[in-house]
Amino acid sequence: MSTWHVRDRVIRVDRPVVLGILNVTPDSFSDGGNFFSPDAAVAHATRMVAEGADVVDVGGESTRPQGAVPVDAAAEIARVLPVVRALRAALPELVVSVDTNKAAVAEAVLAAGAHAINDVSALRLDPAMADTCARHGAGVILMHSRGGVRDMATFVHATYADVVDEVARELARALDAGRAAGIADDAMVLDPGVGFAKRGEHSLAVLAGLPRLAALGRPLLVGASRKRFIGEITHVTEPAARVHGTTGAHVAALCAGARLFRVHDVRAARESLDVAWAVLRAGAEA
Ligand code: HH2
């Protein structure tokens, strides 16, 4: 059984692990505008934990496909730090990750007790990020992307000969960068970055290609929730209405080797993944 070490906690990856998304951004693609006050954030996190979330992932900067506006570190800290403090005070058992690519933000939230950093640039965009995570013994999600915050969710860098092979090589490079900075192997998990510098066909290919990414030796996390490729297949244009398509993506990803899932609709993810997991286990034991 593999594990994910996040500071003083060990998350057992012997069943699907669900990360509930808590956006404190004005412009995220599916739930932007819910500018969470710390009280509202605690209420939403409490609900997600009751529905089966193992981790809450707090994000203060959107990387949405059209018109993502980078925010500076001070503004991002002003959004996420009060929320991290409130979560740690109100829900001390909860594992908190923070979605950021800036070392200054990581430093502030880790000092306030966050457990993990979810870096959609896989340590690429801020040269101080790896060292910051290493110093705090933080868990790190290394997500594949190309480009900067403004264009990483567009198609300008979506040029691949073999998308699975190239994502594997770029994630291997990120793992090496983490190791070189002193991040423990068991603190890192890998994410193919569905929708990031990937057209629909690329997102499908990396999900189908998860077994090749598993060869890198770390647990795989998938963020498919409500994403564009699901709308392309189902013709559901409203992201918040893509829950059924999301369930399909989750179950397929689980079968292909994903073990951690970053989701908006926690209850749907928890129940569908638990049932799919029980079937897979029964098959493995038969
Ligand atoms: N997707 C988004 C943000 N962070 N982190 C990981 N590890 N994997 C993902 O696939 C991923 C991620 C999407 O970004 P955004 O447009 O900000 O929307 P939301 O946070 O609502 O998913």
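Structure first, text after, so check above.
For clarity, every value in this text was computed on a predicted model and none was experimentally measured.

Here is what the cut-offs are and how they apply
Residues numbered from 1 in each chain as written. Predicted model: local features only at pLDDT ≥ 70, side-chain atom pairs only at ≥ 80, totals over all residues. Heavy atoms only, no water. Near = heavy atom within 4 Å. Polar contact = N/O pair within 3.5 Å; in protein donor to acceptor, adjacent residues only side chain to side chain. Helix = DSSP H or I, 4+ residues; strand = E, 2+ residues; numbered from the N terminus. Nonpolar A, V, L, I, M, F, W, Y, C, P; charged D, E, K, R; others polar. Buried < 20%, exposed > 50% of the residue type's maximum accessible area, 1.4 Å probe, protein only. Contact = heavy atoms within 4.5 Å. Arc of directions from axis to C-beta. Pairing = 2+ DSSP bridges.

Chemist: What am I meant to see in the site of the ligand here?
Modeler: Residues in close proximity to the ligand total 20 residues, the closest being Asn23, Asp99, Asp191, Lys227 and Arg262. Asparagine 118 has a polar side-chain atom sitting 2.8 Å from a nitrogen atom of the ligand. Lysine 227 is positioned with one of its side-chain polar atoms (N or O) 2.6 Å from an oxygen atom of the ligand. Elements with a minimum of two residues in the shell around the ligand: strand E3 (17-23) and strand E7 (139-143). Counted by class, the shell around the ligand contains seven nonpolar, seven polar and six charged residues.

Chemist: Can you help me understand helix H3 (residues 103-111) in this one?
Modeler: An α-helix turns once every 3.6 residues. As a result, residues three or four positions apart point the same way. Buried within H3 we find Ala103, Val105, Ala106, Ala108, Val109 and Leu110. Structurally, H3 contributes buried residues whose contacts are with helix H2 (73-90), strand E5 (95-99), strand E6 (116-119) and helix H4 (129-136). Positive phi shows up at glycine 113, right after H3, with a value of about 105 degrees.

Chemist: What am I meant to see in helix H6 (residues 200-208) here?
Modeler: Of the positions making up H6, those classed as buried are Gly200, His202, Ser203, Val206 and Leu207. Buried residues of H6, viewed axially, fall in a sector of 165 degrees; they line one side. H6 presents Glu201 and Ala208 as exposed residues on the side facing more than 90 degrees away from its buried surface.

Chemist: Quick question: what am I supposed to make of the pairing of E3 here?
Modeler: In summary, the side chains of a regular strand alternate between the two faces of the sheet. By the criterion of burial, E3 is predominantly enclosed, with seven of the seven residues buried. Relative to strand E10 (residues 258-263), E3 runs parallel, the two sharing four bridges. Bridging across to E10, glycine 20 finds its partner in valine 263. Note: E3 against strand E4 (residues 55-59), five bridges, orientation parallel. Along E4, the bridge assignment pairs asparagine 23 with glycine 59.

Chemist: Which parts of the structure should I look at to understand the environment of leucine 210?
Modeler: Relative to the helices and strands, leucine 210 is located in helix H7 (residues 210-214). Taking relative accessible area as the criterion, leucine 210 reaches 0% and is therefore assigned buried. In the structure, leucine 210 is positioned 139 residues away from valine 71 in sequence and 32 Å away in space, judged by C-alpha atoms. Excluding anything up to four places from it in sequence, leucine 210 contacts Pro192, Leu220, Val222, Ala253, Ala256 and Ala258.

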